[in-house]
Amino acid sequence: MRTQMATEAGRSTAPSEDRALVGPTLLAVLDGVTAKPENGCAHGVGWFADQLAAELLRFAHLGPAPALVEAIRQTRELHGGGCDVDHPDSPSATVGLVQVKDDVLRYLVLGDATVVVDTKQELHVVSDTRTYRTAGADPADVEHALTGEIPLSDVRRVAILSDGAARAVDLFNLFDWRQALELMAANGPDDLIHKMRAVEKEDAKAVEWPRAKVSDDATVVYLER
């Protein structure tokens, strides 16, 4: 399978809190939830996303849900005793994850990440708009993830997007999902982000398209057979 990745920070003055993971069998996009000033943690959201991504890769031999459970558990241990990991605003991330193993594509979505799977029969678009559901310090959060599996022989292409990239479709309506996949197939996922940024700049005061962040971190992992 051919894999491409594109990512861009929402602001030039701050590093992106998105992370993309591309491993032999597991691909993921993590979107760190912007931290509040008082969150009980000595680490930043970027640190949390980095650790969670690394642990996901370490447990990629497991299924998507067990891998995320173990990744959360291990990241919790890495915080150390100086962090209040049970604080309600402790660092967390939304997760869109795909595993390709044993002739099956398995997906998991926790939070407002989006996984799009184009099969020979239909288009599957999976996103959880309950944005309070994220991967934080409690492995039990994974129980709320949306999961499923599709025979790999039916899969044509897949995209995993942070919400900052998915807004090209679900907020700005620049394309429908099939058109977005066609664009990425022809020009790569960076073109999707480029076209979306142009719209964000045109509506720099978020008047035509009201949104909490004028320009958000945007990350896409795209793969096709």
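Computed from a predicted model, the values in this text were never measured in an experiment.

Parameters and conventions
- Residues numbered from 1 in each chain as written.
- Predicted model: local features only at pLDDT ≥ 70, side-chain atom pairs only at ≥ 80, totals over all residues.
- Heavy atoms only, no water.
- Helix = DSSP H or I, 4+ residues; strand = E, 2+ residues; numbered from the N terminus.
- Rg over C-alpha atoms; globule rule 2.2 N^0.38 Å.
- Contact = heavy atoms within 4.5 Å.
- Areas by Shrake-Rupley, 256 points an atom, 1.4 Å probe, with all protein chains shown as cover.
- Salt bridge = Lys/Arg side-chain N within 4 Å of Asp/Glu carboxyl O.
- Buried < 20%, exposed > 50% of the residue type's maximum accessible area, 1.4 Å probe, protein only.
- Axes fitted to C-alpha atoms, helices over the stretch in contact; angles between N-to-C directions.
- Parallel < 35°, antiparallel > 145°, perpendicular 65-115°, else oblique.
- Nonpolar A, V, L, I, M, F, W, Y, C, P; charged D, E, K, R; others polar.

Colleague: Teacher, can you tell me more about the overall build of the protein here?
Modeller: Counting its secondary structure elements, the protein contains five helices and ten strands. Its C-alpha radius of gyration of 17 Å places the protein within 12% of the 17 Å reference for a compact globule of 225 residues. Seen along its three principal axes, the alpha-carbon backbone of the protein occupies a region of about 50 × 50 × 25 Å. Intrachain contacts of the protein at a sequence separation of at least 6 include 69% that bridge at least 24 residues. With the model as given, the accessible surface of the protein reaches about 10300 Å², and the carbon-plus-sulfur share is 49%.

Colleague: Would you mind showing me how to read the pattern of salt bridges here?
Modeller: In a structure, side chains of opposite charge can pair up when their charged atoms sit close to one another. Summed over the entire model, instances satisfying the criterion amount to 15 salt bridges. We note a salt bridge from D191 to K195, for which the minimum N-O separation is 2.8 Å. One end of the pair, D191, and the other, K195, are both in helix α5 (residues 189–202), four residues apart, so they sit about a helical turn from each other. For R197, the salt bridge is made with E200, and the minimal N-O distance between the two is 2.9 Å. Linking R197 with E200, this pair stays in helix α5, spanning three residues, or about one helical turn. Here R197 and E200 have matching classes, each one buried.

Colleague: What am I meant to see in the packing of helix α3 (residues 163–170) against α5 here?
Modeller: Taken N-terminus to C-terminus, the directions of α3 and α5 make an angle of 75°; their axes are 9 Å apart at the nearest point. Of the possible angle classes, the one that applies to α3 and α5 is roughly perpendicular. Touching G164, A165, R167 and A168 of α3 are L192, M196 and E200, all from α5. Along the lines of polarity and charge, the residues of the contact of α3 with α5 split into four nonpolar, one polar and two charged.

Colleague: Honestly, the environment of W209 in this entry has me stumped. Any pointers?
Modeller: Structurally, W209 is set in the loop between α5 and β10 (218–224). Residue class for W209 comes out buried when judged on its relative accessible area of 19%. In sequence terms W209 and I72 are 137 residues apart; their C-alpha atoms lie 35 Å from each other. With sequence-adjacent residues up to four places away left out, W209 is seen in contact with L171, F172, V199 and D203.

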